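The lines below spell out each chain.
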Amino acid sequence: MKNILILSILLIFAFQGFGQQVEKSKSGLFLLQGGTIHTITNGTINGDILIKDGLIAEINDNIIHPEARVIDCKGLSIYPGLIDAGTKLGLAEIGAVSLTQDHDELGDFTPHMDALTAVNPTSVSIPVTRVNGITTVLTVPSRGLFPGTAALINLHGYTPEQMYAGFKGVVMNFPSTGRRSRRDRRSDEDIKKAEEKALKSLTDFWDKAVLNAEIHKKMNGQTNPDKKYTPQLDAMVPVINNEAPLLVEVNQEKDILKALDWIKEKKINAIFTGVAEGHRVADSLAKYNIPVITGPILSTPRRNSDKYDTPYASAGLMQKAGVKVAIRTNESENVRNLPYNAGFAATYGMGVEEALKAITIVPAEILGVADKYGSIERGKVANIFITDGDPFETKTQVRHLFINGWQIPLESRHSLLHEEFLQRSPGLK
Amino acid sequence: MKYISTVLLFIFSFSLYGQNDSGDILIKNGTLLTITEGTKENTDILIRNGVIDKIAKNIKADNVLTIDATGLYVMPGIIDAHSHLAIDAVNESTNPVTAEVNVGDALDPFDIGIYRALAGGVSISHAMHGSANAIGGQCETIKHRWGVTNPSDLRMDGAPRTIKFALGENPMRVHGEGNRISPSTRMGVEQVFRRAFSEALAYMKAWDDYKTGKTTIPPAYNLRMETMADIIKGDIIVHCHSYRADEILMLMNVLEDFGVKKLCFQHVNEGFKVAPELAAFGAHASVFSDWWAYKFEVYYSTAYNATILTKNGVVTSINSDSGELIRHLYHEAAKSQKYGGLTDTEALSLITINPAKQLGIEDRVGSLEKGKEGDVALFKNHPLSIYAVPQMTIVDGIIRFDINKDPSDMRIDVDPEEEIPAFYEFEGHHHEGDACMQDVFDYFNNEK
Amino acid sequence: MKKLLLTGLAGLCCVLHSTAQVDFNELEEVTSTYLIKNVHFQKSAGDSMTLTNILVRDGLIHKVGQNLQPPFDARTINADSMYAYPSFIDALSHAGILKKEEGKRPDVKFPGAPPDDIAGITPQNKALDVFNPSDNTLKDLRESGFAIAHSVPRGKMLPGKGAVISLQGNNKDAMAIRDDASVYFQFERTRGLYPSTVIGIMAKWRDLYRNAEIAAQHATLYESSGGGVARPKVSEAIKALVPLTNGDESLFVQARNSKDVFRALELQKELGHKMVLANIEQGWYALDAIRASGAPVVLSAKLPKPDKEKKKGKAEKGEKKKSDQPMDPEKEALKKRKAESLKAYESQAAVFEKAGIPFAISMMDTKGKDLKANLKRMMAAGLSEKGAMAAMTTHPASLLGISHLAGSIEEGKLANIFITDKPYFDDDAHIKYIFVDGHFEELKIKTKKVKGKEGESEEPADAVFGRWAFEVEIPGQTQTGKIVIDKNDGDYAISVTGDDDPDDVDEARDIDISGRNLTFTIDIEDDGVTMEVDFDIEVDDDTFEGTVSVGEFGSFAITGIKYNDPD
């Protein structure tokens, strides 16, 4: 088994570059001329956009800039890059090959595992994702009570640092009372016991983290060699000091309510993720102003008694109740389906405008990067994609793509294999 | 609120299905996407006794339940050529060859997945054995007659028999890695087929000799060999789980050697690489719209697979293999427009007439034509649009899903002891629970 | 039919006497002749009660009549104002057959072709071979009104052949009324070995059955050939199935849910063997198909547990808080559907009765003490009293081919009679006397609280509370431990620990204390499997005795002694 895995890894490295990107990305001055600009924050306008130094330098009618490369956008639609606030992109390469999976460290308490460290900038899934207009993703570790620290990355760059988009957040999996799958035949009692045990160890860890944060305060930012090395607890300091939000993964109704009580008691600034049954407790989420990153929308109803469209409708129900809702895919290789997840939410009650916000400005706001991302505004980072139509519509094609002001070729393994094999040569014989 | 369902509503909705349980229904003024005969605006379709009786404008029929489809799209019921819906067992994974087992023996009319599929316009699915074995079990083509309680009532009577084969990692993992018995390589997988077919030929001869009086003692009966013999005789369509180009070519060579012609590859992620060979053999392909990278053998995949195959003349369908995807196959088919620009009819064929051909039922379903069975799906907005919403799904002329009569709890069989219906963390993604490998997990867990 | 031990029955007692060694620890029976005097008796299910005397002699009902005089050797049972019923017949269970410890999975090189015995395919096995007359289940059944059980071996797909067994005695061969009464089949997979799924089981059955047919054909050829025909080489399993293919035996298929019922019917339609559908819990979906098949039916005595009102006391306060809020309409709807489903299970017997399909009842998943409550739930859902009684007596008798021996109180039949102080279905009726195979026993009447009826519960005796050391007799070993029984503000708490692991404390639930009787249940966990352990104890000042039932493993005797607090 191990040998086969290692062999597969070798193969991956051997083939790295194959089916990736042939053309190089370009940087510089770009003038997007004559498109319909969906700014998200300031309505839809017709005009030009000047991209300079990686930023949106100007939005105006008839911009003239002799040095800029002109991109003709007549008849096309311009959108801010889409943001998926919950993925494993860059941390996972091949599902069934465990040694290509970097999102699950061992142990319950590993908040110091930094996702950005393990992001593979040349993951084959990255070009596959971005050519569909997704420019920015939160990549999230997943196993244990505190699986690690998620990182927001742009889908372009040759080092994790180049990709880093300015947000990191500690992730917590709130103890679940759900069943893992239909094959999970634990008794209700066992589930309850497991939950109680998890809650207890959660509280123990938290108390230690609080004490550690107090010690840090007394250290006044100085290092002290006498201080015990406690990286797990140190990673919690910004959360405990309310300087950074905690990403709390929680899905079932009663778990969400319990998590609400828990964060209120601990006075934590939290973002809830998953939140599959958020529609059942939408009023409470709204009341306590908990932002939510929900999804996948394209998922099966979680209870056999649920209405068939519950997962499609849940995001819209929460949003209408006043909850700030972003939509995620929780995917790795198919993060590219983000616009379709939002599209289904739009169709089943959320509406096109709100659903589009849920994958642009709302996640940017929730993650505290709305000054840079999530809309087309002067001074923001030039993460932009240009389409021949509604980005939710399945058949819509992306015509141009910019990340950090770089023009990205619309190439991926999938498109390159298409080109090579549509008319194979030699054909038969 | 959406959750005002009551038991009364539930019972009411079932009795409502009974309104037209003779299978008579008239659907008026829809935009008909016939698949085989173009688009027909403002047209009526009359179904009598479960069969399409007439397609025309202004049909008049008395005493027939009439549906106003003004502003709606009317298409043939969607067909899924690969699912594991409505069966209690998927993999008899103990042996590399289990041709004798039949998932049709394990039908589960209470699987809520049937209703969810109907709510996505799907009227027929191919309930398949899993991919643990090189020669897995026989499969069952079922009609989504939600509400029946006799498992046999799900069967599409008269549909050709089909069987699941599997190549590559799954049989290698289960038998080679798991049990330390051959096959543990793709070479070994080929030899499993050659041996099984050769033994079947010997078995057939032994029975021929007995029946023609050359021998006097009846040979031992072997249901596994009986089934292999039926494949050789052409009575069973082979549906083969496959990914890599080399193994796809291998199976075509083996089947050619034994004179087996009816073949449809399943998943076939690298089918695009050997599309000309598939077309030349006459093999069909049933693919995912965009799944890839969940294991090594699908790392070199492309979402353009369906397009490349179609344009090379291979009869291609898009399937679900998932209780999640089956709910929006219309959307999965639309991805062939994004990835390769298929026309509306080509894209819709991927989930209607083409899977019908792959299951050998294309003369009965898969398009809106007079004389075909009354399986119809009604959509608000074009089914290939992201804004499409299935409104009603009709099977054999009987309404089995109606968005306007859809209480939240559609279960038929309710556990009288379960506190409240369980919440599952599982989202329905492929890489979280490969449906093709269902039942194998128990088995591995037991290993330890 | 050939296999019925028709003639031996009358002589059975004689055989026993002649072989018995003298054991002066046991008191011998003085007589085997009894006169039951002035009893209201029901001759057969549905008959009206009439006053009579019944003379039992040598294990048989010798005479029934109003003017019987006691013979000189008769013991007279004065049954004034009591009620006599024909004893019940359990149509399918594992009575007397203890569960085998499931050992480690044997090493099998090819899991796709394991040896038959490892794969659970042993139709040649016989229930009698593994029957244990001292299993407490037999006592439990006897004291609940049963005299006969159809007992089948435990196992997987084809565990073996069942036997019809008299519930009285200590010699299993003498207890057997019919050997080879059935070939027992269940949709029970063998984990990790073929057949490991229901589809594997169905395919395997077709294969086995067809080969049994061919084996029969081959054997005939071989026997009549006088040489020149190859010797048949078939497995024991296939050989054991040949009588089934000839129609001499019938297959008892355990089919709890409707899908199993349909699957069994499909196999029968295809292969044509004689079949009984047994231990059905959820058969109403298949009613038409069952009727069309003509297959005899055994319904399970088991019913789903009704929704318990949550534990009293502490929990109640919490509940009240909740009830202030309006009930979520979705949850209310779910609750309603659950209640409807429960009703469907309870109505099954009535539905079959109305459809004119006769049925027997199986005790496979039900304890004797729960039978009456479940029958009453079925009756509340529409089953007639006559139907209930017939399902316990005449129908199983005819199903098992013993109508001439059992099922009614008639001259010449086995003396299988139970006598109650009030009509059987009265809530506070008790079985006072039982005759099983002519053997008389007087039962101690436990004044137990009937569940759900507060009024009839006695105040708990003080003797109950305190610390107890207990011993449970399990064949081959004795388990010891401690039980602590506490009382707080009318709320009881019982904790149980085993001496093998004093740190593992199990808190009891469903505690019911009435006078000196108490029942409670603990859940013990083993390898992820939770098992219910039911205690039923009667306290006598400083000692107690009773039974412990452990799921399918059977029930065992428990004794206890009060001990003082260490501090």
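Quick caveat, the model's predicted, so the values are computed rather than measured.

Details of the overall build of chain A
The secondary structure content of chain A amounts to 14 helices and 16 strands. Against the compact-globule benchmark of 22 Å for 429 residues, chain A has a radius of gyration of 23 Å, which places it among compact chains. Viewed in the frame of its principal axes, chain A has a C-alpha envelope of about 65 × 55 × 55 Å. Among the 429 residues that make up chain A, the fraction classed as buried is 52%.

Describing the pairing of strand 10 (residues 246-250) of chain A
All names here are of chain A. The buried count for strand 10 comes to five of five residues, which makes it a mostly enclosed element. Of the two faces of strand 10, the one holding Leu246, Val248 and Val250 and the one holding Leu247 and Glu249 are both buried throughout. With four bridges joining them, strand 9 (residues 164-173) and strand 10 adopt parallel strand pairing. Bridging from a neighbouring strand, Met172 pairs with Val248 of strand 10. Relative to strand 11 (residues 270-274), strand 10 is paired through five bridges, and the arrangement is parallel. Considered in strand 11, the bridge of Val250 is made with Gly274. Assessed by its sense of winding, the connection that carries the chain from strand 10 through helix 8 (residues 253-266) to strand 11 is right-handed.

Thoughts on the confidence of the model for chain C
Residues and elements named next belong to chain C. In this model, chain C carries a mean pLDDT of 87, and residues with pLDDT of at least 70 account for 88%. In this model, residues 1-20 is a region of pLDDT below 50 whose contacts with residues beyond four sequence positions or in other chains number 20 contacts. Low pLDDT (under 50) marks residues 309-324, which in the prediction has three contacts with non-local residues, meaning those over four places away or in another chain. Both scores are available for the predicted complex, with the pTM at 0.89 and the ipTM at 0.94.

Remarks on the nonpolar core
Of all hydrophobic cores here, the largest spans 262 residues; its most connected members are Ile54, Ala84, Leu277 and Val298 of chain C. With ten residues, the single largest contributor to this core is helix 4 (residues 198-225) of chain C. When residues no more than four places from it in sequence are discounted, the contact partners of Ile54 of chain C are Ile36, Val39, Phe41, Ile61, Val64, Ala84, Ile409 and Ile417 of chain C. Ranked by size, the runner-up nonpolar core spans 114 residues in total, among them Val239, Ile240, Val323 and Val398 of chain A.

Focus on helix 6 (residues 258-271) of chain C
All names here are of chain C. Taking 1.5 Å per residue as the helical rise, helix 6 with its 14 residues ought to reach 20 Å, and the 20 Å between its terminal C-alpha atoms agrees with that figure. Listed as buried for helix 6 are Ser258, Lys259, Asp260, Val261, Phe262, Arg263, Ala264, Leu265 and Leu267. At its buried positions, helix 6 is contacted by helix 4, strand 9 (251-254), strand 10 (275-280) and helix 7 (287-293). Positive backbone phi, at 85°, marks Gly272, one or two positions downstream of helix 6.

Thoughts on the interface of chain B and chain A
Accessible area lost on assembly of the parts is the figure often given for the size of an interface. Every contact between the two is made by 53 residues of chain B and, on the other side, 49 residues of chain A. Within the residue set of the side of chain B that touches chain A, elements represented by two or more residues are helix 2 (112-118), helix 7 (275-281), helix 8 (305-311) and helix 9 (329-338) of chain B. In terms of residue count, helix 9 of chain B provides more of the side of chain B that touches chain A than any other element does, five residues in total. Tallied by class, residues from the side of chain B that touches chain A come to 26 nonpolar, eleven polar and 16 charged.

So, the packing of helix 4 (residues 186-211) of chain B against helix 5 (residues 223-232) of chain B
Residues and elements named next belong to chain B. Taken N-terminus to C-terminus, the directions of helix 4 and helix 5 make an angle of 95°; their axes are 9 Å apart at the nearest point. As summarised for this structure, helix 4 and helix 5 are arranged roughly perpendicular, according to the angle between their axes. Facing Ala196, Phe197, Glu199, Ala200, Tyr203 and Met204 of helix 4, the residues of helix 5 in contact are Met225, Met228, Ala229 and Ile232. Per-class residue counts for the contact of helix 4 with helix 5 are nine nonpolar, no polar and one charged.

Calculation rules
- Residues numbered from 1 in each chain as written.
- Chains lettered and ligands numbered in written order.
- Predicted model: local features only at pLDDT ≥ 70, side-chain atom pairs only at ≥ 80, totals over all residues.
- Helix = DSSP H or I, 4+ residues; strand = E, 2+ residues; numbered from the N terminus.
- Rg over C-alpha atoms; globule rule 2.2 N^0.38 Å.
- Buried ≥ 20, exposed ≤ 12 C-beta atoms within 10 Å, placed from the backbone.
- Pairing = 2+ DSSP bridges.
- Right-handed = clockwise from strand over helix to strand, strands pointing away.
- pLDDT = per-residue confidence, 0-100.
- Contact = placed C-beta atoms within 7 Å.
- Core = buried A, V, L, I, M, F, W, Y, C linked by C-beta atoms within 7 Å.
- Expected span 1.5 Å × (residues − 1).
- Nonpolar A, V, L, I, M, F, W, Y, C, P; charged D, E, K, R; others polar.
- Axes fitted to C-alpha atoms, helices over the stretch in contact; angles between N-to-C directions.
- Parallel < 35°, antiparallel > 145°, perpendicular 65-115°, else oblique.

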